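Structural description and commentary
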Amino acid sequence: MSDETVIIHARFAANGTIAEISERPQGLNPQEWFDFLSYRVPLTYQALAGGRGVFRLTRADVEAFKVEAATKAA
């Protein structure tokens with residue numbers, strides 16, 4: 001598996017919900033993907049200024065989480 005680091009960027013709306021998030025699997029809305037990652041790997045999240053934040057994960061983890069999240073969403 002690859003040790004490549006993937007940075008998943010999240011951008012919040014003014015009301016605190018997720019407006020955009022990268023690497024989102026098909027079938028999940030931005031908030032569902034953010035919630036999934038927040039529960040599975042909360043220590044990988046870093047809050048940034050301006051209503052943004054990032055998750056730092058390996059490529060292998062991102063691909064595995066996409067499959068898991070899409071399966072649960074179906």
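This one's a predicted model, so the numbers in the text were calculated from it and none came from an experiment. (Residues numbered from 1 in each chain as written. Predicted model: local features only at pLDDT ≥ 70, side-chain atom pairs only at ≥ 80, totals over all residues. Heavy atoms only, no water.)

1. So, the sheet that holds strand 3 (residues 45-48)
- Ordered by their spatial adjacency, four strands build an open sheet running 2-1-4-3, and the pairing between neighbours is antiparallel. Each end of this open sheet is capped by a strand with a single partner; those strands are strand 2 (18-21) and strand 3. If you compare each strand with its neighbour and ignore which way they point, the axes differ by 25° on average.
- In the sheet, strand 3 pairs with strand 4 (residues 52-58) via four bridges, with the strands oriented antiparallel. Paired with A47 across the bridge in strand 4 is G53.
- Contacts from helix 1 (residues 30-40) reach strand 1 (5-12), strand 2, strand 3 and strand 4 within the one sheet, and its direction differs from that of strand 2 by about 75°.
- Of the strands in this sheet, strand 1 and strand 4 touch helix 2 (residues 59-73), which is tilted by about 105° from strand 4. (Pairing = 2+ DSSP bridges. Helix = DSSP H or I, 4+ residues; strand = E, 2+ residues; numbered from the N terminus. Axes fitted to C-alpha atoms, helices over the stretch in contact; angles between N-to-C directions. Contact = heavy atoms within 4.5 Å.)

2. A short note on the nonpolar core
- One finds I8, I21, W33, L37, F55, L57 and F65 to be the most contacted residues of the largest nonpolar core, which totals 16 residues.
- Elements with a contribution of two residues or more to this core: strand 1, strand 2, helix 1, strand 4 and helix 2.
- Excluding residues that lie within four positions of it along the chain, L37 makes contacts with I8, I21, P42, F55, L57 and F65. (Core = buried A, V, L, I, M, F, W, Y, C linked by side-chain atoms within 4.5 Å. Buried < 20%, exposed > 50% of the residue type's maximum accessible area, 1.4 Å probe, protein only.)

3. Digging into unusual backbone geometry
- Of note, the phi angle at E23 is positive, near 60°, even though the residue is not glycine.
- Along the chain, E23 turns up in the loop between strand 2 and helix 1.

4. Some points on the pairing of strand 4
- Summarising the sheet, strand 1 and strand 4 pair through seven bridges and their orientation is antiparallel. Across the sheet, V6 pairs through a bridge with L57, a residue of strand 4.
- Connecting strand 3 to the antiparallel partner strand 4 that follows it, the hairpin turn spans three residues, and G50 within it adopts a positive phi of roughly 75°.

5. Section: the packing of helix 1 against helix 2
- Interhelical geometry of helix 1 versus helix 2 gives an angle of 120° and a closest axis separation of 11 Å. Taken together, the axes of helix 1 and helix 2 are oblique relative to one another. Along this stretch, helix 1 crosses helix 2, giving a crossing that reads as right-handed. Packed against helix 1, whose contacting residues are W33, F36, L37 and R40, the element helix 2 presents F65, K66, E68, A69 and K72 at the interface.
- Split into classes, the residues belonging to the contact of helix 1 with helix 2 amount to five nonpolar, no polar and four charged. (Parallel < 35°, antiparallel > 145°, perpendicular 65-115°, else oblique. Left-handed = near helix turned anticlockwise from the far one by under 90°. Nonpolar A, V, L, I, M, F, W, Y, C, P; charged D, E, K, R; others polar.)

Any link to function would need more than the numbers given here.
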